[in-house]
Amino acid sequence: MPADWLRLTTHRLDIYDEALAKSDFLKEFESLFNTNNSAISALQKLPTAYDYIRLGHPLSCILEWVIAQAHQLKPETIISFSSQTIPVLAVLRKNLLATKNTQIIYTGELPEMLDVNLLRSIYGYQFELKKVENVAAISPFNGSTIFIAQQDKIGTIDLNPNIDFFINAYAHLGSVLIANGEQNKSYISEIQHVRRRETIAMTPANCLAGLKSVIEQSSFHNQESTIKANKTSVLASISTITGTTTTPIVGSSGLSVQYAIMMGLVHHALENHKGKAVKFIVPPNCYGGTNDQARRVAACIDNVEVVDLPVDGDNDMVQSIDTVLTKIAREDAVPYIIAEIPTNPRVEVPDLAKLKAALNKVRKTPTGEIAIDPVFILDQTFCPNVYFLGEGEILSTVRAISYASGSKFPSGGLCTAGYCVANKKTEGLMGNIALHLKLCDNEATDLQYEILATQLPTMNQRITDAYTNTREFVNYIQKSLPTAKINFVSTALAADGFTPSVFSLDLPTKGNTSEEKEAYKRALNLKLINLMITEIPSESKFCVSYGQLQGCYWTIPATSTQGTTKEGDKDYIVRVSLSPNMDLELHKNVFLKFVESL
């Protein structure tokens, strides 16, 4: 098996067709299987299954294929999760929007984290809950029937036609959902989308354990866990890195954490601001997962709405926040702001003193009452080393929560786990956030805690070294291609601690019309990326990545991280991410070759 199947969190875009994710990989994998070809060299040439392991990966595809083969089903009807509960929420979400009845049936016990009261009161999901002695007792139902069973090994099951969705939960591994019957085919893409946005696929290590269980027809081996020591180490490291004193929360991915934050804050608003609308204020061109998830939450809960926050280009984040908060105060609504600093992909940092003033500003409702003050939810993925929330820091006097994706610098790209922290003014909100992380079974896995425990202590030094490489490369590009527009932090901001190792490159273009100019630039983007990955295949990769231990990563946000962003808000520019360990001189030489070809 290729080592990268277990180790990498991101995979190549140059051999990836998102529309054929999983199916393209499995088609060629099955060809190898049929010819009994398991050579690592052949496996390495397979198309990318998914570009990011949160969505899926080679081992999740193979596990799902094996289960499908055992039941004579199509592989797309099998979906594996790291969470034991999210597949239940995925079906409930679809049926909520379709106003369709749902019954949840189980034998033995439900997964202990599945809080049915929360599902009804906060998420608005409606369902019947029944315990039966065996599957044969399940009768036809006017709606969807979900059957949950807790298992200690992966084996074959009786596909009772009265059951629409089988969810087999495996302690410490996650779960596998089987969509049963042609009538449930329309659910598959939407369940996949829940896995894409609100949780993660079963991890590579756990999928491998699942495959071994299938091969050996044995129960899972519960290895002695070091999670207690690793978790203690990780929480201490996060507190030190962020300069905060509240207990951090660690999830299976950055979006898993963000979902817990959003639902935890909705929960708080429903209990403490009854009858008031909840407004999530989100930049329209921010990371696509953030944007999409916010709109997905709003689609399910009547009094939740997304409000656009223009932050890039000619728009000023602080001015936009002030304008939006003033409008929301007039509506007497509850404002929650989600924003990235630096912004992605334009790498811009607002005037922090003015940001603090805008967030602290007292606003009035139409009746003259003091409006509800905002909670500022800061995505710190691109600057996890900057102190924002600690006592005396710039955001210590406003209600603020910060979070970061662990697949970047925290783990060096070795796992997807993310984390969040609060300042003293939002400490009381963390209980609800933790509650919803638990409900979704989205806490970091044992292995993720182990990886973070190893990598976090060296994070800040890696950030410093990667920034040094990035600044040198940016300076070289400015000198060799002065007509290109580069979005990167100024040296003054770097002196204040903002030392990202990512920049965006708006290449010079030509043409007689705006359409011609845009088409030329888009072609030039691909020409540059293809040259870099062809000339330096051992280091330059066409994939979405940041904060990796080694190499250089190239992508076009509009066709990767902004996949679900509205077309008019997408950025067709090159985003480049450098690591602390790479051959910088070679990258300069190849870039010069590109310039000379223009």
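Structure: see above.
Summarised in this report is the structure supplied together with it. What you are looking at is a predicted structure, and each value in this text was computed from that prediction instead of being measured.

Once that is clear, we can look at the overall build of the protein chain. Scanning the protein chain for helices and strands turns up 19 helices and 18 strands. Relative to the globule expectation of 25 Å for 598 residues, the C-alpha radius of gyration of the protein chain, 24 Å, shows essentially globular dimensions. By its C-alpha atoms, the protein chain is 70 × 70 × 55 Å across when sized along the principal axes. Put simply, the protein chain has 598 residues, and 60% of those count as buried. Counting contacts in the protein chain only where the partners sit at least 6 residues apart, residues at least 24 apart contribute 74% of the total. With 54 positive and 62 negative side-chain charges, the protein chain shows a separation of 2 Å between the mean positions of the two kinds.

Quick look at the side chain of His267 now. Locating His267 in the fold gives a position in helix α10 (residues 254-272). A relative accessible area of 6% means that His267 is categorised as buried. Excluding residues within four positions of it along the chain, His267 makes contact with Leu118, Ile122, Asn432, Leu435 and His436.

The next subject is empty space enclosed by the protein. All told, the structure shown has 4 cavities of 30 Å³ or more when counted by the stated rule. If you trace the largest cavity, you find 14 residues lining it, with Arg93, Tyr125, Glu198, Tyr259 and Cys300 closest to the centre. Those elements that place two or more of their residues in the lining of the largest cavity are α5 (86-98), α10 and α11 (288-300). At 4 residues, α5 tops the list of elements feeding residues into the lining of the largest cavity. For the lining of the largest cavity, the residue count by class is 11 nonpolar, no polar and 3 charged.

Overall, mixed pairing links the 5 strands, which are arranged β14-β15-β18-β17-β16 in an open sheet. Strand pairing shows two members of the sheet lacking a second neighbour, β14 (485-487) and β16 (540-542), which therefore form its edges. With direction set aside, neighbouring strand axes in the sheet form an average angle of 25 degrees. As judged from the 3 bridges shared by β14 and strand β15 (residues 502-506), these two strands associate in the antiparallel manner. By the bridge assignment, Lys485 is partnered in β15 with Asp506. Contacting β14, β15, β17 (552-555) and β18 (574-578), helix α16 (residues 459-480) runs over the sheet at an angle of about 15 degrees to β15. Set on the sheet, helix α18 (residues 514-535) makes contact with β15, β16, β17 and β18; between it and β16 the angle comes to about 135 degrees.

Alternating residues of strand β1 (residues 78-81) divide into Ile78 and Ser80 and Ile79 and Phe81, and every residue in both groups is buried. Bridging between β1 and strand β6 (residues 174-179) involves 4 bridges; their strand directions are antiparallel. For Ser80, the partnering residue across the bridge sits in β6 and is Val176.

Structurally, Thr290 can be placed in helix α11. On the basis of relative accessible area, Thr290 is assigned to the buried category, the value being 3%.

What follows deals with the environment of Leu435. Looking at the element boundaries, Leu435 is found in helix α14 (residues 430-439). Taking the C-alpha atoms as reference points, Leu435 and Val474, 39 residues apart in sequence, are found 44 Å from one another. Aside from chain neighbours lying at most four places away, what touches Leu435 is Leu118 and His267.

Taking 1.5 Å of rise per residue, the 22 residues of α18 would be expected to cover 32 Å, and the 32 Å separating its terminal C-alpha atoms lies within 8% of that figure. Along α18, the positions that sit buried rather than exposed are Lys521, Leu524, Asn525, Leu528, Ile529, Leu531, Met532 and Ile533. The inward-facing, buried residues of α18 abut β15, β16, β17, β18 and α19 (584-596).

Now for the environment of Val91. Looking at where Val91 falls in the secondary structure, it is placed in helix α5. What makes Val91 buried here is its relative accessible area of 0%. Along the chain, Val91 and Phe382 lie 291 residues apart, while their C-alpha atoms are 34 Å from each other.

When you tally the buried positions in β15, you get 5 out of 5 residues, the bulk of the element. Burial along β15 is two-sided: Val502, Ser504 and Asp506 facing one way and Phe503 and Leu505 facing the other are all buried. Across 4 bridges, β15 lies against β18 in antiparallel orientation. Of the residues in β18, the one forming a bridge with Ser504 is Arg575.

With the rule as written, the count across this model stands at 24 salt bridges. Across the salt bridge formed by Glu443 and Lys231, the nearest N and O atoms sit 2.8 Å from each other. Here Glu443 is found in the loop between α14 and α15 (446-455), whereas its partner Lys231 is found in helix α9 (residues 227-242), with 212 residues between them in sequence. The closest approach of N and O atoms between Lys588 and Glu472, which form a salt bridge, is 2.6 Å. Placement of the pair is Lys588 in helix α19 and Glu472 in helix α16, with a sequence separation of 116 residues. The class of Glu472 is partly exposed, set by a relative accessible area of 32%. The network of salt bridges with common partners includes Lys279, Glu305, Lys327 and Glu331.

In spatial order, the strands read β1-β6-β5-β4-β2-β3; together these 6 strands make up an open sheet with mixed pairing. Either end of the sheet is taken by a strand with one partner, and the two such strands are β1 and β3 (128-131). Neighbour-to-neighbour, the strand axes of this sheet turn through a mean angle of 20 degrees, independent of strand direction. In this structure, strand β5 (residues 165-170) lies alongside β6, joined through 6 bridges in antiparallel fashion.

Quick look at the packing of aromatic side chains now. In this description, an aromatic ring pair is defined by two values, namely the gap between the centres and the angle between the planes. The full count for this structure, using the stated rule, is 18 aromatic pairs. Taking the centre distance of 6.4 Å and the plane angle of 80 degrees together, the rings of Phe147 and Phe166 count as edge-to-face. With a gap of 19 residues between them, Phe147 in strand β4 (residues 144-151) and Phe166 in strand β5 connect regions that are remote in the sequence. Its relative accessible area of 6% is what places Phe147 among the buried residues. We classify Phe166 as buried; its relative accessible area is 3%.

Parameters and conventions
- The numbers attached to residues start from 1 for each chain and follow its sequence in the written order.
- Thresholds applied to this predicted model are a pLDDT of at least 70 for local features of residues and 80 or more for the giving and counting of side-chain atom pairs; totals over whole chains, interfaces and linings are not thresholded and use all residues.
- Just so you know, side-chain values use all the structure's heavy atoms and leave hydrogens and water out.
- Strands here mean DSSP runs of E at least two residues long; helices mean DSSP runs of H or I at least four residues long; both are numbered from the N terminus.
- It is over C-alpha atoms that the radius of gyration is taken, and the globule rule equals 2.2 Å times the number of residues to the power 0.38.
- To sort residues, take the accessible area from a 1.4 Å probe on protein chains only and compare it with the maximum for the residue type: under 20% means buried, over 50% means exposed, and anything in between is partly exposed.
- We call two residues in contact whenever any of their non-hydrogen atoms come within 4.5 Å of each other.
- The sign given to each residue is positive for Lys and Arg and negative for Asp and Glu; His and the chain ends receive no count.
- Note on charges: their place is set at NZ of Lys, CZ of Arg, CG of Asp or CD of Glu.
- A 1.4 Å probe that fits into a set of points on a 1 Å grid over the protein atoms alone but cannot get out defines a cavity; an open set with protein on both sides within 12 Å along at least five of seven lines defines a pocket, and lining residues are those with an atom within 4 Å of a point.
- Grid points are joined across faces, edges and corners, and a volume is the space filled by probe spheres set on the points.
- Three classes are used: nonpolar for Ala, Val, Leu, Ile, Met, Phe, Trp, Tyr, Cys and Pro, charged for Asp, Glu, Lys and Arg, and polar for all others, with Gly counted as polar.
- The pairing criterion is simple: DSSP has to find at least two bridges between the two strands.
- As a rule, the C-alpha atoms of each element are fitted with a line to give its axis, helices using only the stretch in contact, and angles between N-to-C directions run from 0 to 180 degrees.
- What a helix should span is 1.5 Å times the count of its residues minus one.
- Throughout this description, the term salt bridge denotes a Lys or Arg side-chain nitrogen within 4 Å of a carboxyl oxygen of Asp or Glu.
- The criterion for an aromatic pair is that two Phe, Tyr or Trp rings (for Trp, the six-membered ring) have centres within 6.5 Å, with stacked assigned to planes under 30 degrees apart, edge-to-face to planes over 60 apart and tilted to the rest.

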